[in-house]
Structure formats: C-alpha cells, structure tokens
Amino acid sequence: MTFVELTYWDIALAALLLTVNAGLSIWLRLGMERQLAIAAIRMVVQLTLVGLVLKALFATVSPWLTGAVALVMIGFAGYEATARQARRLSGPWGYGLGTMAILFACTLVTAFALTTQIQPDPWYSPQFAIPLLGMILGNCMTGVSLGLNQLFGRAGKERLAIEAMLALGYTRQEALKPLVRESVRSGLIPIVNSMAATGLVALPGMMTGQILAGVDPVQAVKYQMLIMFLIAGGTAIGVLVAVVAGSGRLSDERHRLRLDRLTPIK
Amino acid sequence: MGDVARTRVEAAEAGTALLWVRGLTRAGLEPADLELASGELLLISGPSGAGKSLLLRALADLDPNSGEIFLKGEPRNRFPAPQWRRLVTYLSATPGWWAPTVQEHFRPEDKDIAAGMLARLGLPPQAMEWDVDRLSTGESQRLALLRALVQCPAVLLLDEPTGALDAKSTAQVEDFLRERLANGLAVILVSHDRAQGRRLAKRSLVMAKGGKLSEGPP
C-alpha cells in the first residue's frame, strides 16, 4: 500500500475543472460565476485554516486544547441545528436545548469509542478525538435539527388533538407521545437511510480517504463500520434527548401545552 | 362585613358549593367570581372575542392562570392536573381527535358504556368504528360530548356544544344533558343561542368585551 503525496500544482490542476462550471454558467446565463468563485475560495481558505489548526493541535496533544476545540465545534453544530427551524423555543432555550443534546450525545459516544475501541495513547489524542467527534457531530446535528423542527413545527398544527387529550385528563407524556414518536422518527430517518445505502449507493468519504491514503481496504471498512455505529448511536441519543427535553419544555408541570414558549411562525 | 368575617363566609361557601371560584384571572380576562351547585347549569353569554372560552380553559387549568378555585371544598392545587381535568372537563367548540377511529378515543373501560349511549345522541351503533376523518362537524361534536361525559366528570365546561347541530340533534343533546344534570352533573355552558339558554339554565352570567363577568338575565 502506498500513499501518494499531493503537491499544490496537483490541486491547481483539479481546480481548473471549475472553469467548466464557470463556462456553463456564462453559456447558460445562470449568473452563478460569482457565487461559484466565492464558494471555491471559501472552501480553500476554510480547509487551509482547518489544516493549520489541526496540525498545531495534533502537535500539542493537550486535553484542554482538544476540549476547547471540541466545544467550539459543538457550539457551531448547536447553532446550525436550530438556525433554520421554522419555530423554536424562545429565549436561551432555543439555542441551548439542541446544543446541550448534541453536547451530551456526541461527547458520550466519542469518549466511549476513544476509551474502549480505538484506545489511542493518550485517549484524548486530538488526531483521533477531533475527526471522530466531527463525523458524529455532523450527523447528530442533522438528526437533532430535523427532530426538533418536526416537534416544534407540528405542535401548533396538532394543538386541538393534544389539548383534547389533556382536557380529558391524559398526562402531558400521553398527550405528546404521538408527536414525540413522529419527531424522533424524523430525526433518525437520515442515518437509517445512510446505513442502508452505504457501500451500495456511495462509498463513505472516510473509507475512501483511508483507502487513498494507502490503508488496507478491509481495515478501512472496519473503521467505517465502527464510525457508522457510533454515528447511529450518537444521533439516536441526541435526537431522543432533544425531542424529549423539547416536549418537556413544550408543556409544564400542570400538564398544559405551552405554545407560548415557541417563537412566532416565520 | 369585616375581612375576617368575609373570609369565614367565603370559606363556608367554598365548602358547600360544588365549584367555587374567586378572582380567577389570566391574560385577556378580568378576575372572575362564580359558584356552581351540583346539578346546576350556568349559562355564560357575551359577544365573540369577549373571553368566554378563555374562562372555561382557565377553569380547566389548560392555560396559566391564577385565582382561588375549590371543588367540593378542596382547593384545585391539591389535585394533580390530569385528575382535576377528569373532574372539571373542558370540551372545545372544535373537538380534537388524535387516533384514526372513534373508538380509539375512549379508554378501554369506557368503550362499552359509550357504545350504549350512542343512540341517545342520535348516532348509530357503528359510530364507534367510524374513521374520524369522515366525521361531520355535528357528529364530531356529539361524539366528543360523549367522550367527555362517559368519564363522569363533576363539572362539564361546554363551549358551544350544539353550534353545528340541527334542531333535532340539538334537542337530543339537551335531553341527554338534562338527564345528567338530574344525576348531579354541573355544567357551565357557553352559548350564543339565547333560546337554548332559556331552556336549560336557571342562572346566567354575561361576559363583556375585555373579559368582565356580570350577572345576566335569569
């Protein structure tokens, strides 16, 4: 197995393909040349910065620095999970709920994988911890976002049914159960689809990357399976925590539906 | 009357009335006082948007509210909320349904009793198997009333329960309510139908715009 090192010229050559996109945009008058250029430049700048940060991080191997980077990543994931929702909890809960669920699920699953399966030395080694957390985080964020979007988006539409149950003396857990179930299902659909299609529809990026880097494909497949299970576990925990906590905030201790705690519909 | 004496009188009233309410308020509602005896129907009328439904919802504790409420001498906060709502049950003008068929909306122990009462509301025996999607507004209102009554609440809070019914179905619902009133059920009825109020209620309250309650015509 060999690892082929890339030069900047190789990358520049690949970037020439963008001229095809630009040409297409000009020919068809799509008006996307500017967006395309900005997106490409952003990608190059962001990845270069990430590369430099990771290089410095890997050289240091400090638990505090690793933890700080992980927290920043989780903070961004929490923001992204709630940013595009039609309705969300008002006040600090809006951002806090999704972020706390992601924080809980992703750190738990990442720490589990680092301490029991991968076991690098030290266990918090950023070379393993950060990419692993990133992969779990990306999927968990999507799941939490979809789950909460369903929960808060449909609560208003289902109000009559939920309040009919509450008015008849059902508990808030009973009244919100159909909505909670649907919301958890929504949050889990992407990862279930992704697991079912892996290897048939698409070769996962991490596995492909390892193979390109010269790793034995069987080893790369094992890593990919491990990652998929961690992602599925992390997403399930994150979605469940977020939706159950969200449903708790959507009701109160007197078993009332509290739509007033949601932001107005966008 | 001094404050202490009045407190004593009110405490005695709270013990004797089935439902005793003082200073019940929430956003959009002036503090409301009312009492209700067992077997009594109290009519609440007033213009649309005055807050009649808000008052019923506050009584059922479905929205944040404050005030003193006693049921059979017991303060509301001594009851867990679900138990309170089984005893003081609110029925919305637009009933909600949460499962595909009618029978799934009844607790297992109530299904047979409910099936036996269908005819009293002018509904056929197979109504329990109906899909809720195909219910007409009138059928939905009557089945929702049955769903609430079969749980034997002490107080029923009815919000325009016959708004979508024809004269015959309205009469059936009223007969059914009279029978339950004779058995001790107490009802607070919000209705725009003055004739219905005269047929069923001996006492009425009027809610003005802004949510202020006052004695209505007998």
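Residues numbered from 1 in each chain as written. Chains lettered and ligands numbered in written order. Predicted model: local features only at pLDDT ≥ 70, side-chain atom pairs only at ≥ 80, totals over all residues. Heavy atoms only, no water.

K.L.:
Go over the overall build of chain B, please, and point to the residues and values.
P.N.:
Of the regular secondary structure elements, chain B holds seven helices and ten strands. Expressed as lengths along the three principal axes of its C-alpha atoms, the size of chain B is roughly 60 × 35 × 30 Å. Sorting the 218 residues of chain B into buried and exposed places 53% on the buried side. Pairs at least 24 residues apart make up 69% of the contacts formed inside chain B by residues separated by at least 6 positions. When the accessible surface of chain B is summed, it comes to about 9700 Å², and 52% of that surface belongs to carbon and sulfur atoms. Here chain B carries 27 positive and 27 negative side-chain charges, and the mean point of each set is 2 Å from the other. (Helix = DSSP H or I, 4+ residues; strand = E, 2+ residues; numbered from the N terminus. Buried < 20%, exposed > 50% of the residue type's maximum accessible area, 1.4 Å probe, protein only. Contact = heavy atoms within 4.5 Å. Areas by Shrake-Rupley, 256 points an atom, 1.4 Å probe, with all protein chains shown as cover. Lys, Arg positive; Asp, Glu negative; His and termini not counted. Charge placed at Lys NZ, Arg CZ, Asp CG, Glu CD.)

K.L.:
A description of the interface of chain A and chain B should follow, citing residues and the corresponding values.
P.N.:
Listed per partner, the contact involves 16 residues of chain A and 26 residues of chain B. Three residues, Leu-168, Arg-254 and Arg-256 of chain A, lead the burial of chain A against chain B; their summed loss comes to 37% of the area buried on that side. Our count for the contact surface shared by chain A and chain B stands at three salt bridges. The salt bridge involving Arg-256 of chain A is made with Asp-61 of chain B; its shortest N-O contact spans 2.7 Å. (Buried area = accessible area lost by both parts, 1.4 Å probe. Salt bridge = Lys/Arg side-chain N within 4 Å of Asp/Glu carboxyl O.)

K.L.:
Go over the state of the cysteines with me, naming the residues and quoting the values.
P.N.:
Under the criterion given, the structure shown has zero disulfides over all chains. Left unpaired, Cys-140 of chain A is separated from the closest cysteine sulfur, that of Cys-106 of chain A, by 3.7 Å. (Disulfide = S-S within 2.5 Å.)

K.L.:
How would you sum up unusual backbone geometry? Please name residues and give values.
P.N.:
Each neighbour pair has its own omega, and for Asp-121 of chain A with Pro-122 of chain A the value is -10 degrees, a cis peptide bond. Here Pro-122 of chain A is to be found in the loop between helix 5 (92–118) and helix 6 (126–157). Here His-255 of chain A, not a glycine, exhibits a phi torsion of approximately 55 degrees, which is positive. With respect to the secondary-structure elements, His-255 of chain A resides in the segment after helix 10 (217–249). For Cys-152 of chain B, which is not glycine, the phi torsion reads 55 degrees and is therefore positive. Among the secondary structure elements, Cys-152 of chain B is positioned in the loop between helix 5 (137–149) and strand 7 (155–159).

K.L.:
Requested: an account of helix 8 (residues 172–197) of chain A, with residues and values cited.
P.N.:
All names here are of chain A. If you check helix 8, its first and last C-alpha atoms are 37 Å apart, about what 26 residues at 1.5 Å a residue would give, namely 38 Å. The sharpest bend along helix 8 measures roughly 40 degrees and falls at Pro-178. Ala-175, Leu-176, Leu-179, Val-180, Ser-183, Val-184, Ser-186, Gly-187 and Ile-191 are the residues of helix 8 that are buried. On the buried face of helix 8, the contacting elements are helix 6, helix 7 (159–167) and helix 10. Gly-199, located one to two residues past helix 8, shows a positive phi value of around 90 degrees. (Expected span 1.5 Å × (residues − 1). Bend = angle between axes of the 7 residues up to and from the residue.)

K.L.:
Go over the pairing of strand 1 (residues 19–26) of chain B, please, and point to the residues and values.
P.N.:
Residues and elements named next belong to chain B. Burial analysis of strand 1 places six of its eight residues in the buried class, the great majority of the element. Pairing of strand 1 with strand 2 (residues 29–36), which is carried by five bridges, proceeds in the antiparallel orientation. Counted as the bridge partner of Arg-26 is Leu-29 from strand 2. Joining the antiparallel neighbours strand 1 and strand 2 is a turn of two residues, in which Gly-28 adopts a positive phi near 85 degrees. By the bridge criterion, five bridges tie strand 1 to strand 4 (residues 66–71) in an arrangement that is antiparallel. Directly across from Val-21, in strand 4, lies its bridge partner Ile-69. (Pairing = 2+ DSSP bridges.)

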